[in-house]
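Residues per chain are reported as follows:
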Amino acid sequence: VQLRAVLVAFPRDREALRRLADVLYQQDEYDACLQVADAMLKIDPSDQEIWYWAMRCYQAKGDTVREAAAQAAHYKFR
């Protein structure tokens, strides 16, 4: 709830987006996590941490094609 409040005031806050993606992943909210990842990637497509969360979500959802693409991006920007 607090991270969402920060994002209302500062929608481009990268750290809040990263932490929200982490929390949503931990809560098995994969689609919501991917929405946060998409918002973050519009701000910074080279953010390796958000690619990591996207990779983990696609892995959990069984989407091997998108998982591989996210993994490649994650490794590219590490």
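Everything below is about the structure printed above this text.
For clarity, every value in this text was computed on a predicted model and none was experimentally measured.

Undergrad: Before we move on, can you summarise the packing of helix H2 (residues 14-26) against helix H3 (residues 30-43) with the specific residues and values?
TA: The contact between H2 and H3 brings their axes to 8 Å, and the two run at 160°. It follows that H2 is roughly antiparallel to H3 by the angle criterion. Crossing hand, H2 versus H3: left-handed. From H2, Arg-14, Leu-17, Arg-18, Leu-20, Ala-21, Leu-24 and Tyr-25 reach across to H3, where they touch Tyr-30, Ala-32, Cys-33, Val-36, Met-40 and Ile-43. Among the residues forming the contact of H2 with H3, the class breakdown is 11 nonpolar, no polar and two charged.

Undergrad: Go over the packing of aromatic side chains, please, and point to the residues and values.
TA: Two numbers describe a pair of aromatic rings. These are the distance of the centres and the angle of the planes. Counted according to the given criterion, the structure contains three aromatic pairs. Summarising the aromatic geometry, the rings of Tyr-25 and Trp-53 are spaced 5.3 Å apart at their centres and angled 40° between planes, so their arrangement reads as tilted. A residue pair is termed long-range when its members are at least 10 positions apart, and Tyr-25 in helix H2 and Trp-53 in helix H4 (residues 48-61) qualify at 28 residues. For the pair shown, Tyr-25 and Trp-53 are each scored as buried. Here the aromatic cluster, defined as three or more aromatic residues joined through ring pairs, consists of Tyr-25, Tyr-30, Tyr-52 and Trp-53.

Conventions and cut-offs
Residues numbered from 1 in each chain as written. Predicted model: local features only at pLDDT ≥ 70, side-chain atom pairs only at ≥ 80, totals over all residues. Heavy atoms only, no water. Axes fitted to C-alpha atoms, helices over the stretch in contact; angles between N-to-C directions. Helix = DSSP H or I, 4+ residues; strand = E, 2+ residues; numbered from the N terminus. Parallel < 35°, antiparallel > 145°, perpendicular 65-115°, else oblique. Left-handed = near helix turned anticlockwise from the far one by under 90°. Contact = heavy atoms within 4.5 Å. Nonpolar A, V, L, I, M, F, W, Y, C, P; charged D, E, K, R; others polar. Phe/Tyr/Trp six-rings, centres within 6.5 Å; stacked < 30°, edge-to-face > 60°. Buried < 20%, exposed > 50% of the residue type's maximum accessible area, 1.4 Å probe, protein only.

Read these as layout, nothing more, since geometry by itself doesn't imply function.
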